Amino acid sequence: MGLPPLPYGRGSVLSASSKWIDTFVLEGEGEGVRDIYSLTQDEFKLCYDPSSPTRPTEFNTKVDFVRALFTLKRVTPKQSLEKSGKVK
């Protein structure tokens, strides 16, 4: 199911802590995906469902969903070195 091309944009839509962003592919058909994101001091979450023309309303996934949820957490240089085994 394709979506019409979307202009680049971002803004508040769900609440003060949930924001949205429309992403699109620069090559090919340029189909858009409607995403939500959350950004805190140490964590970035991005949730989208490329099979749906609507934006997700919560940060979750379920079995048999096409929806994707990414959670990225900040790691300090010290934590990174500890994890690599170079510092104890």
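Residues numbered from 1 in each chain as written. Predicted model: local features only at pLDDT ≥ 70, side-chain atom pairs only at ≥ 80, totals over all residues. Heavy atoms only, no water.

Caption draft 1: Up close: the overall build of the protein chain. Helices and strands together make up the secondary structure of the protein chain, namely 1 helix and 5 strands. A buried classification covers 28% of the 88 residues belonging to the protein chain. In the protein chain, of all internal contacts separated by at least 6 residues, the share reaching a separation of at least 24 is 29%. Working note: accessible area of the protein chain is about 6,700 Å², and carbon and sulfur atoms make up 55% of it. (Helix = DSSP H or I, 4+ residues; strand = E, 2+ residues; numbered from the N terminus. Buried < 20%, exposed > 50% of the residue type's maximum accessible area, 1.4 Å probe, protein only. Contact = heavy atoms within 4.5 Å. Areas by Shrake-Rupley, 256 points an atom, 1.4 Å probe, with all protein chains shown as cover.)

Caption draft 2: Seen up close, unusual backbone geometry. In the Ramachandran plot, Asp64 falls in the positive-phi region, its phi being about 70° despite a non-glycine side chain. Within the secondary structure, Asp64 sits in the loop between β4 (43-48) and β5 (68-73).

Caption draft 3: Looking closely at the confidence of the model for the protein chain. Residue-level pLDDT values for the protein chain average 75, and 69% of them are 70 or greater. Looking over the protein chain, one finds the lowest element-wise mean pLDDT in strand β1 (residues 9-12), namely 41, and the highest in β5, namely 93. Taken together, the stretch residues 1-16 has pLDDT below 50 and engages in 42 contacts with residues farther than four places along the chain or on a different chain. (pLDDT = per-residue confidence, 0-100.)

Caption draft 4: Broad picture of the pattern of salt bridges. Scanning all chains against the criterion turns up 4 salt bridges. For Arg74, the salt bridge goes to Asp42, with nearest N and O atoms at 3.4 Å. Taken as a pair, Arg74 in the loop between β5 and α1 (77-84) and Asp42 in the loop between β3 (32-39) and β4 lie far apart in primary sequence, 32 residues in all. On the accessibility criterion, Asp42 (43% relative accessible area) is partly exposed. A salt bridge links Glu43 to Lys45; the nearest nitrogen and oxygen atoms lie 4.0 Å apart. The class for Glu43 is partly exposed, based on a relative accessible area of 24%. In the salt-bridge network here, residues are joined through shared partners; they are Glu43, Lys45 and Lys73. (Salt bridge = Lys/Arg side-chain N within 4 Å of Asp/Glu carboxyl O.)

Caption draft 5: Looking closely at the side chain of Ser52. Structurally, Ser52 can be placed in the loop between β4 and β5. Of note is the side chain of Ser52, whose polar atom sits 2.9 Å from the side chain of Thr54. (Polar contact = N/O pair within 3.5 Å; in protein donor to acceptor, adjacent residues only side chain to side chain.)

Caption draft 6: A look at the environment of Asp22. Mapped onto the elements, Asp22 comes out in strand β2 (residues 19-24). Separated by 33 residues in sequence, Asp22 and Arg55 have C-alpha atoms that sit 9.2 Å apart.

Caption draft 7: How the structure looks around the environment of Lys73. Tracing the sequence through the fold places Lys73 in strand β5. For Lys73, a relative accessible area of 60% puts it in the exposed group. Taking the C-alpha atoms as reference, Lys73 lies 9.3 Å from Gln41; in sequence the two are 32 residues apart. Among all residues touching Lys73, those that are not within four sequence positions of it are Asp42 and Glu43.

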